[in-house]
Amino acid sequence: MRVAATLAIPLAAILQGTASAQTQDPARDAYLDDTARQLVLGLKAARDTARLTIDTYTALIRERLGFEWPSPRRNRPWVHGERTARVRWSRDEPAIVHVLAARFRTLLSDPEDSEFFTGLRTERFAADPLGDPFKFGFTVVGPSPEAEITTRSPLGPVSERYYQFRSGDTTTVRLSDGSTLRAVAVTVIPRYRSIRLVSAIMWIDAESFGLARVAYRLAKPVDREMTWRLRSGGRWSPGLHIDISAPDPADRAPAPDSTPDRPGFFDRLVNGAFNSAFPRLRLDISTVVAEYGLWEMRHWLPRSVAWRGDMSAREGVTAAGVAPLAVPAMIDWTLEIEDIRERGAGATPGTPATAAEALRLWRQEGDSISGALTEAEPGETVTITPADRQALAASDLLPPTVWEEEGGVDDATIEQIAAELAGIGTGEGGDRTEAPSPWLFDPPGKTLRLLRYNPVERVSVGTRLQRDFGWGRAALTARVGTGGAAMPDIDLTLQRNHPGHTTLVSFYRSLRDGEPGEGGSTPGIYVTGDTEDFHWSHGAAIRFLPPLGERSWLSLRLFAEQDATIPTDVKRNRVGAAVAWTPWWGTEEPGSFGGGGRAGVRASAGDNPHVRAVVEGTLVIPLFSRLFLGIQAGTARVWGDPAPHDLWRIGASGRWLRGHRESVRGARVHMAGVDLQRPIRFLRLSVFGDWASAGGDDFYAIGAGLVFMDGILRLDVARGLRWGREGGPDPVLRLHLFAGALF
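Residues numbered from 1 in each chain as written. Predicted model: local features only at pLDDT ≥ 70, side-chain atom pairs only at ≥ 80, totals over all residues. Heavy atoms only, no water.

**Student:** Can you explain a nonpolar patch on the surface? Please cite residues and give values.
**Tutor:** On the surface, Trp 553, Leu 554, Leu 556, Leu 558, Val 579, Trp 581, Trp 585, Val 601, Val 611 and Trp 639 cluster together into a nonpolar patch covering about 850 Å² of accessible area. When residues of the nonpolar patch are traced back to their parent elements, those giving at least two are β24 (554–565) and β25 (571–581). At 3 residues, β24 tops the list of elements feeding residues into the nonpolar patch. Take Leu 554: it is sitting in strand β24. (Patch = residues over 30% accessible without salt bridge, like charges linked within 9 Å, V, L, I, M, F, W, Y side chains within 5 Å. Areas by Shrake-Rupley, 256 points an atom, 1.4 Å probe, with all protein chains shown as cover. Salt bridge = Lys/Arg side-chain N within 4 Å of Asp/Glu carboxyl O. Helix = DSSP H or I, 4+ residues; strand = E, 2+ residues; numbered from the N terminus.)

This is the structure in structure tokens:
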């Protein structure tokens, strides 16, 4: 195989040179050094040659996925699925897939209930042992259902038109038999930012030109290309639509006699109104790592694939906007080769010699078959699914969940590779007509999500102009209210994306409804109350947050601003900093042992200089009979010369203390709470007790509640207790609704 690959390199170079001459040499600057040219051309030739050496193989495929539900304090497992299947691949026959185990669970509704998992059908990737690894991560459905637009592969025949290649460091790869080989890293640089291109690193064996590992991410997150469609073709069919222009006719393959449906006026009206009212979504496939093994010391075949991505709202790039919560997604699959038959060799004893024999040996009475073997073509798959699907969901052959055990690639390696991929920029040259415009404009009035009402502005009309850069983006948001005394609301925020963190720099003059000096939040779409509940804030701030897509568990904010209360117009000038840390440790399963907390410090100088600090700890301890105990304790204090609104406040909100009519303010606050819970189907029953101390007084409460979706939502009924205390807020029987509880 090495000899054939070596001889193929000059031929590939000659063909490339001929094609380049005919198209004014579009690939003249694709290879930034000779080593990269030799390795990439050798890799393409070696893979083409190796396809002729394998006739059939059988293997076990284990796949698993998991999605987390985001929360500012603690992400929770949402759904997970696992599947194990045996596959027989053949060059000349359809592939036969036998499902051995399959389980799907929705942990936020009923973690004990298992369903059958249809799987990700990863056999379609593994079926061709030398298929394109860049198909593991992303495939986009085009403007018409019949057209499928896939990522432009760096291993494609005209990849030089879209990518530049640069060789890097040489690393040592350890094989299954303990031997090692040299692999050279080749960085793949997209010529422009598009979701059809990738930023990648390929590790290539310098001797055999085999692909030992490949890692990549989309050159651009999917955002403006993705919209909601509630109606399509005159029918209600809610779903997400990804629209990509395909100027190259070769990228589109419409079916004969197919004509795309032109959306009607009502369809466009409904879809447009919905998309203008809800924030744009952002889908980022941040890391895909495919590892290869040298099976029998002759064949480079896939061994494992790790896929990491997230989905979040694209809005929120403002001075007061919190970092948008992202839904992390993890997908892993592994391939364990059981037998390889080379071209022309006989079948190994004990393995099916033909697809028909595999179907006969693996199929049992009552099993369902996905299609007719006699009608399937080579490259297609015929799947055998046993009739007893409950047994599949309880099988011992199931792999562990993505949260229980690392896959073929450990988390530390994935994080390191993700940082390297995030640092790859864009190259030069190429036809950039496919790249989207970097500008995005939300016109005033037509963008419903920028409309709001409050007592100060009355009806406020907003507009936003955004500019995407390779390193981040900038957003200018302006609002004008219809209230006579309202002033324009303007916010300019620059977002810089680093491999390890995100930086936001903001300049603003904004209406806030939080406490002055807190860097409070902007009013929502509809807010009532008195004008005294609002204030104007203008100044500058810089925030350091975790990378996009990660929970904001560590943050730093530096600010210099002036707050003016309404309507007294009392002004306070402040300069300061705030840091927050919200870790969580332990396993991810609901009710399992875990712990975390919150620590934060905010200091400001200027008017009313002071320092505020809070420390809070939480433990979740599993007990007997499916019971578990939650314990929470914390303390908070203010030093210096705080204004009244700078003091800590507990009580009416239910945070730290439930069952009281009004809030209690104090420079020193302590709290503790215990919560005993037991799951019942899709919810948990809770009984709890609270204690808090503020201003030298002790406060107590007891109650019961219902916990939904592992604490994402809980409803409590609490009764405050007086216990000899005179004065202060009255203890009452009160209903509390929480979102994002720790347990």
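**Student:** Describe the sheet that holds strand β13 (residues 299–313), with residues and values.
**Tutor:** The strand order across the open sheet built from 12 strands is β6-β7-β8-β9-β12-β13-β14-β1-β2-β3-β16-β15, with neighbouring strands paired in mixed fashion. This sheet does not close on itself; its edge strands, each paired only once, are β6 (163–174) and β15 (368–369). Note: strand β3 (residues 95–106) against strand β16 (residues 381–385), 4 bridges, orientation parallel. Residue pairing across strands places Ala 95 opposite Thr 381, the latter belonging to β16. The strands touched by helix α7 (residues 411–422) within the sheet are β8 (198–205), β9 (211–218), β12 (281–295) and β13, with β9 carrying the most contacts at an inclination of about 60°. (Pairing = 2+ DSSP bridges. Contact = heavy atoms within 4.5 Å. Axes fitted to C-alpha atoms, helices over the stretch in contact; angles between N-to-C directions.)

**Student:** Could you give an account of helix α5 (residues 355–362), naming the residues involved and the relevant values?
**Tutor:** Inspection of α5 places Ala 355, Ala 358, Leu 359 and Trp 362 among the buried residues, and these make up the whole buried set. Along α5, the residues classed as buried sweep out an arc of 100° about the axis, all on the same side. For α5, the elements touching its buried residues are β2 (76–90), β3, β15 and β16. (Buried < 20%, exposed > 50% of the residue type's maximum accessible area, 1.4 Å probe, protein only. Arc of directions from axis to C-beta.)

**Student:** Give a detailed account of the nonpolar core, specifying residues and quantitative values.
**Tutor:** Ranked by size, the top nonpolar core spans 80 residues in total, and within it Phe 134, Phe 136, Phe 165, Met 202, Val 214 and Tyr 216 carry the most contacts. Looking at this core, the element that brings in the most residues is β12, giving 8 residues. By size, the runner-up hydrophobic cluster in this structure holds 13 residues, among which are Val 614, Ala 636, Met 671 and Ala 694. (Core = buried A, V, L, I, M, F, W, Y, C linked by side-chain atoms within 4.5 Å.)

**Student:** An account of unusual backbone geometry is needed here, citing residue identities and associated values.
**Tutor:** Most of the time, phi is negative for any residue but glycine, and the peptide bond is trans. If you check the backbone angles, Phe 209 has positive phi at about 60° while not being a glycine. Structurally, Phe 209 can be placed in the loop between β8 and β9. Even without being glycine, Asn 608 reaches a positive phi, approximately 50°. Note that Asn 608 resides in the loop between β27 (594–606) and β28 (610–622).

**Student:** I'd like to hear about the side chain of Arg 473, residue by residue, with values.
**Tutor:** Position of Arg 473 among the secondary structure elements: in strand β20 (residues 472–481). We note that Arg 473 is buried and unpaired, the nearest opposite charge coming from Asp 468 at a distance of 4.9 Å. In this structure the side chain of Arg 473 is engaged in a polar contact, spanning 2.8 Å, whose partner is the side chain of Gln 466. (Lys, Arg positive; Asp, Glu negative; His and termini not counted. Polar contact = N/O pair within 3.5 Å; in protein donor to acceptor, adjacent residues only side chain to side chain.)

**Student:** Can you tell me about the confidence of the model for the chain, naming the residues and giving the values?
**Tutor:** For the chain, per-residue confidence averages 84 on the pLDDT scale, and residues scoring 70 or more make up 87% of the total. Contacts for the low-pLDDT stretch residues 1–24, under 50 throughout, to residues beyond four places or in other chains number 24 contacts. Note that pLDDT drops below 50 for residues 140–149; the model gives that stretch 27 contacts with residues more than four away or on any other chain. (pLDDT = per-residue confidence, 0-100.)

**Student:** Got a sec to walk through the environment of Arg 193? Specific residues and values, please.
**Tutor:** If you trace the backbone, Arg 193 turns up in the loop between β7 (180–190) and β8. Residue classification places Arg 193 among the partly exposed positions, given a relative accessible area of 23%. For the pair Arg 193 and Lys 220, spaced 27 residues apart in sequence, the C-alpha to C-alpha distance is 5.5 Å. In this structure, Arg 193 is in contact with Ala 219, Lys 220, Pro 221, Thr 426, Ala 435, Pro 436, Asp 468, Phe 469 and Gly 470, ignoring residues within four places of it in sequence.

**Student:** Lay out the pattern of salt bridges with the relevant residues and their values.
**Tutor:** On inspection of all chains with the given rule, the structure shows 38 salt bridges. One salt bridge in this structure joins Arg 308 and Asp 332, with 3.1 Å as the shortest N-O distance. In this pair, Arg 308 sits in strand β13 while Asp 332 sits in strand β14 (residues 326–342), placing the two residues 24 residues apart along the sequence. Here Arg 308 matches Asp 332 in class, with each residue buried. Put simply, Glu 561 and Arg 557 hold a salt bridge, and the shortest N to O gap is 3.5 Å. When its relative accessible area of 5% is taken as the criterion, Glu 561 is described as buried. Residue classification places Arg 557 among the buried residues on the basis of a relative accessible area of 13%. Here the residues in one salt-bridge network are Arg 658, Asp 675, Asp 690, Arg 714 and Asp 716, joined through shared partners.

**Student:** Quick rundown of the environment of Val 461? Include the residues and the values.
**Tutor:** Mapping Val 461 onto the fold places it in strand β19 (residues 458–468). On the basis of relative accessible area, Val 461 is assigned to the partly exposed category, the value being 31%. A sequence separation of 11 residues divides Val 461 from Leu 450, and the C-alpha atoms of the two residues are 6.5 Å apart.

**Student:** Got a sec to walk through helix α4 (residues 265–277)? Specific residues and values, please.
**Tutor:** Turn by turn, an α-helix covers 3.6 residues, leaving residues three or four places apart pointing in a common direction. Taking 1.5 Å of rise per residue, 13 residues should cover 18 Å, and α4 covers 18 Å from first to last C-alpha, within 8% of that figure. Residues Asp 267, Val 270, Asn 271 and Ser 276 constitute the buried set of α4. On its buried face, α4 is in contact with β10 (226–232) and β11 (235–242). (Expected span 1.5 Å × (residues − 1).)

**Student:** For the packing of aromatic side chains, give the residues involved together with the corresponding values.
**Tutor:** In this structure the tally under the stated criterion is 11 aromatic pairs. The interplanar angle of 20° and the centroid separation of 5.2 Å between the aromatic rings of Tyr 31 and Phe 165 together place this pair among those described as stacked. On the criterion of sequence distance, the pair formed by Tyr 31 in the loop between α1 (2–22) and α2 (34–50) and Phe 165 in strand β6 is long-range, its members being 134 residues apart. Note on accessibility: Tyr 31 and Phe 165 belong to one class, buried. With centroids separated by 4.7 Å and ring planes inclined at 5°, the aromatic side chains of Phe 469 and Trp 471 adopt a geometry described as stacked. Overall, the relative accessible area of 26% leaves Phe 469 in the partly exposed class. Through a chain of ring-to-ring contacts, three or more aromatic side chains come together here, namely Trp 228, Phe 274 and Phe 278. The ring of Trp 536 carries Arg 509 above its face, with NZ or CZ at 5.2 Å from the centroid. A cation over a ring is seen here: Arg 612 above Trp 648, with NZ or CZ 3.9 Å from the ring centre. (Phe/Tyr/Trp six-rings, centres within 6.5 Å; stacked < 30°, edge-to-face > 60°. Lys NZ or Arg CZ within 6 Å of the ring centre and 35° of its normal.)

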